[in-house]
Amino acid sequence: MASISKAEKAFIQSSLLSDPPLRADGRGLIDFRTIALESGIAPIANGSARVSIGRNAQDGGGGTEVVAAAKLEVESVGEGEGVDGGRVACSVSCSPTAYPLLSPNALDDLQHDMTSILNATLSHPTIRPTNLGIIPGMKSWLLNLDIIVFSDAGNIFDAIFMAARAALWDTKVPITKSVQYRAKKGETQAMDVDTDETALGGSALDTRQAIQVADFELPDYWDEGEPLDGRQAWPVCLTLNLLPTLHFLDATLQEEASVPLKLLVFYSFPSDATPLLRGMRLLGTGVLDLTQVKSLLKDGEKYARNVWVALEGKLKDEDFRRNQKARERFLNR
């Protein structure tokens, strides 16, 4: 977060409102800085990604940098916050070096605000992956999505949602196999039987009470499995920075400090359906009337689709790169 003087603020605003609009780095109003994405950066996570926006090409410094990691853990349904079918829990942490001017309390408030926006969007039941269940009514996967902000040079929410989507795309859910342990009442020996076995039904003439406890096993290694369902449902964030007569994208810290309002829109683009607006947030001091909101949502959908298409292509390239490297390691063993 940048602190600028009134003169600097007036200069930036007048430059943006000039004809043609002028930005310090020469970009147009709807141009993004260079975006770099890398997936699979955390070996012990089920899925991970790093996103940087506006990093200096010469020395690799500067810019906004965000790392996301997804980790699966088993939880019991009905105990604590566990729900049947699994759930997603998101959190955002900020490195103190990313916001050196903020006090610890102010940094905590910022982290809470970011977590609230991310969690409200990605943890919604309507976009919950369908393959997070393990044993119906008993066990399910809890998907913890942790975001760390290492540096903020502007446009932090777009970077957070890009990293989150990339980490979820990279996440593999281990395949589970249900197992039942069956023992007759009074017997000390237990026999484990696959749930596919028909012997679980027992004889119709057997009146002895059976004690059954369901569990599961993992045929795969912890880092293997199937991708999360519902990849097309995870939204991207598009931040519209608003001045009285225009809006612009991918603001730097100084530009963010010069605008009174920011509108965050969250869009997903299913391949077999119309674009879906997953939510929106208005940040700052000011008001918008309904006509302005409708116009901004229309423009935001167009810009978000461009981000979506570019991100989708990059994620598929990352999948191909990692699969190729895995094949090469296998052949060179």
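Data block above holds the structure.
I will try to describe carefully the structure that is included in this document.

### As for the pattern of salt bridges
Argument step 1. Tallied over the entire structure, the rule returns eleven salt bridges.
Argument step 2. Note that Arg87 is salt-bridged to Glu75, the shortest N-O span being 2.9 Å. Of this pair, Arg87 sits in strand 4 (residues 87-94) while Glu75 sits in strand 3 (residues 64-76), and the two are twelve residues apart along the sequence. The exposure classification of Arg87 matches that of Glu75, with both residues buried.
Argument step 3. Overlapping salt bridges, with partners in common, bring together Asp25, Arg27, Arg33 and Asp250 in one network.

### Let's talk about the side chain of Arg165
Argument step 1. Relative to the elements of secondary structure, Arg165 occurs in helix 3 (residues 156-170).
Argument step 2. Apart from residues no more than four positions distant in its own chain, Arg165 is found in contact with Arg231, Trp234, Pro235, Val236, Trp308, Leu311, Glu312 and Leu315.

### Some thoughts on the packing of helix 2 (residues 104-122) against helix 3
Argument step 1. Here helix 2 crosses helix 3 at 45°, and the two axes come no closer than 12 Å. When the axes of helix 2 and helix 3 are compared, the pair comes out oblique. By crossing handedness, the relation of helix 2 to helix 3 is classed as right-handed. Within the contact between the two elements, helix 2 uses Met114, Ile117, Leu118, Thr121 and Leu122 and helix 3 uses Ile156, Phe157, Ile160, Phe161, Ala164 and Leu168.
Argument step 2. Residue classes in the contact of helix 2 with helix 3 are distributed as ten nonpolar, one polar and no charged.

### What to know about the environment of Ile41
Argument step 1. When you line up the elements, Ile41 lands in the loop between strand 1 (35-39) and strand 2 (47-53).
Argument step 2. C-alpha separation for the pair Ile41 and Ala68, spaced 27 residues apart in sequence, amounts to 9.3 Å.
Argument step 3. Once you skip the residues sitting within four places of it in the chain, Ile41 turns out to touch Ser48, Ala49, Arg50 and Val67.

### Examining helix 1 (residues 6-17)
Argument step 1. For helix 1, with twelve residues, the first-to-last C-alpha span of 16 Å sits near the 16 Å given by 1.5 Å per residue.
Argument step 2. What helix 1 keeps buried is the set Ile12, Ser15 and Leu16. What you see down the axis of helix 1 is that its buried residues fit within an arc of 100°, all on one side. Along helix 1, the residues that are exposed and aim more than 90 degrees away from the buried face are Lys6 and Ala7.
Argument step 3. Structurally, helix 1 contributes buried residues whose contacts are with strand 12 (236-243), strand 13 (246-248) and helix 4 (253-258).

Conventions used here
- Residues numbered from 1 in each chain as written.
- Predicted model: local features only at pLDDT ≥ 70, side-chain atom pairs only at ≥ 80, totals over all residues.
- Heavy atoms only, no water.
- Salt bridge = Lys/Arg side-chain N within 4 Å of Asp/Glu carboxyl O.
- Helix = DSSP H or I, 4+ residues; strand = E, 2+ residues; numbered from the N terminus.
- Buried < 20%, exposed > 50% of the residue type's maximum accessible area, 1.4 Å probe, protein only.
- Contact = heavy atoms within 4.5 Å.
- Axes fitted to C-alpha atoms, helices over the stretch in contact; angles between N-to-C directions.
- Parallel < 35°, antiparallel > 145°, perpendicular 65-115°, else oblique.
- Left-handed = near helix turned anticlockwise from the far one by under 90°.
- Nonpolar A, V, L, I, M, F, W, Y, C, P; charged D, E, K, R; others polar.
- Expected span 1.5 Å × (residues − 1).
- Arc of directions from axis to C-beta.

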